[in-house]
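Chain by chain, the residues run as shown.
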Amino acid sequence: MTITQRRRSLAAALLTAAILLTGCSASNAGSAGSAAQPAAVQPADAQPAAADAPAEAAEIITGTIWLTSSDPMAAARSATEAVVAAGGRIEDRDEYASADLTEARATLTARIPVAKIEDVREQLTSIGTVSRTQVTSEDVSTAQRDLEARASSLRTSVERYESWLAAAQTPSDLAELEESLSERQTRLETIESELRAMADKVAMSTITLVIGGDGHHDPTQPQTVGDALAVGWNGFAGFWLATLLNVSVALPWLVLIALAGAVVLVIMRRRRDRARAAEAAAAPTHTTPDLVAATTHTPPPTASQQQGVRPADPGV
């Protein structure tokens, strides 16, 4: 082997050793880096992010409950007591007593806590017969969160403007800041009012109670002969009273119509008389033999004429 070949062999061995050492170093470095990386990020992963709790759904519940009872007025009072006992209230009441052929009925607008709706409905079944129940719900969670976000933003803005107003020096700055602050406070009060109204609707459902008669008892039906006579007399008197009232209402119009008719009648008679007079004046005058004979008077004969003596001629 020559010296040149030995040098080449030695250089190749050194190159191979260098490559092997470089690969081991890189492998160790990669292992160390991969082992060190979790240690670096471990503190961040060691404290997991708290998951946001799901917001409670906000729903506005409304409905109607139809109830029948032999005494709707008493049932309405009992239903009111049941609503108040459940922590609710009656916002509107509309009651009609029985009259003539109309049964008594009542309509109540109740505000009932959402959790107590079923309890109140169960109590209503002991008051009368629940013939129908209709309940609907409206999800207002998004609208409520939007109002709350706007209110929070306005509160922050109001606080900022209050701090600026406290540090203002010039009158122009004071006036401008007060105007802007007043505008934001007004908007904040409006949104807070809407939030309170929405919270009340969410917490207290609106249930309409419609209470009617069961149709089994008619308080206007006469039960005795005296009642029947009273009903008949009331009907008779009511008819004539209604007639008299109608005539009284129409009397001024009747008088006016009568006066107008009298004026028209007088005018028509005058026109007719004038027409007859005009026709009589326009007609020609004719002398008929009958009229001459009727108008010529022949004196009765004298005694001498009756004896055959001819009277002297007056012209001789």
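Above: the structure in question.
A few points on the structure. (Residues numbered from 1 in each chain as written. Predicted model: local features only at pLDDT ≥ 70, side-chain atom pairs only at ≥ 80, totals over all residues. Heavy atoms only, no water.)

**Let's talk about the overall build of the chain**
- Helix and strand counts for the chain stand at eight helices and five strands.
- Along the chain direction, N to C, the helices and strands of the chain fall in the order α-β-α-β-β-α-β-α-α-β-α-α-α.
- The proportion of buried residues among the 316 residues of the chain is 17%.
- Residue pairs at least 24 apart in sequence account for 78% of intrachain contacts in the chain once pairs closer than 6 positions are excluded.
- Accessible surface for the chain amounts to roughly 23,600 Å². Of this, 58% is attributable to carbon and sulfur atoms. (Helix = DSSP H or I, 4+ residues; strand = E, 2+ residues; numbered from the N terminus. Buried < 20%, exposed > 50% of the residue type's maximum accessible area, 1.4 Å probe, protein only. Contact = heavy atoms within 4.5 Å. Areas by Shrake-Rupley, 256 points an atom, 1.4 Å probe, with all protein chains shown as cover.)

**As for a negative patch on the surface**
- On the surface, a cluster of negative charge is contributed by Asp173, Glu176, Glu179 and Glu183.
- Looking at the element boundaries, Glu176 is found in helix H5 (residues 171–203).
- Overall, Glu176 belongs to the exposed group, its relative accessible area being 54%. (Patch = residues over 30% accessible without salt bridge, like charges linked within 9 Å, V, L, I, M, F, W, Y side chains within 5 Å. Salt bridge = Lys/Arg side-chain N within 4 Å of Asp/Glu carboxyl O. Lys, Arg positive; Asp, Glu negative; His and termini not counted. Charge placed at Lys NZ, Arg CZ, Asp CG, Glu CD.)

**Some remarks on a nonpolar patch on the surface**
- On the surface, a nonpolar cluster with roughly 750 Å² of combined accessible area is contributed by Leu251, Trp253, Leu254, Val255, Leu256, Ile257 and Leu259.
- Residue position: Leu254 is located in helix H6 (residues 225–282).
- Of the residues examined, Leu254 reaches a relative accessible area of 46% and is grouped as partly exposed.

**Remarks on the packing of helix H4 (residues 141–167) against H5**
- Viewed as axis vectors pointing N to C, H4 and H5 meet at an angle of 155°, and their least axial separation amounts to 9 Å. When the interaxial angle is binned, H4 and H5 end up roughly antiparallel. Crossing hand, H4 versus H5: left-handed.
- Looking at the contact of H4 with H5, its residues break down into 15 nonpolar, four polar and nine charged. (Axes fitted to C-alpha atoms, helices over the stretch in contact; angles between N-to-C directions. Parallel < 35°, antiparallel > 145°, perpendicular 65-115°, else oblique. Left-handed = near helix turned anticlockwise from the far one by under 90°. Nonpolar A, V, L, I, M, F, W, Y, C, P; charged D, E, K, R; others polar.)

**A word on the nonpolar core**
- In terms of nonpolar packing, the biggest core is built from 19 residues, with Ile112, Leu124, Leu209 and Ile211 touching the most fellow members.
- Within the residue set of this core, elements represented by two or more residues are strand E1 (59–69), helix H2 (72–85), strand E3 (105–113), helix H3 (117–127) and strand E5 (204–213).
- If you look at the next biggest cluster of nonpolar residues, it comprises 15 residues, including Ala58, Ala151, Tyr161 and Met198. (Core = buried A, V, L, I, M, F, W, Y, C linked by side-chain atoms within 4.5 Å.)

**Side note on the environment of Arg145**
- Tracing the backbone through its elements, the reader meets Arg145 in helix H4.
- Spatially, the C-alpha atom of Arg145 lies 9.6 Å from that of Ala58, the residues being 87 residues apart in sequence.

**Some words on the side chain of Arg184**
- When you line up the elements, Arg184 lands in helix H5.
- Buried charge without a salt bridge: Arg184, with Glu183 as the nearest opposite-charge side chain at an N-O distance of 4.4 Å.
- Residues in contact with Arg184, not counting those within four places in the same chain, are Leu154, Ser157, Val158 and Tyr161.

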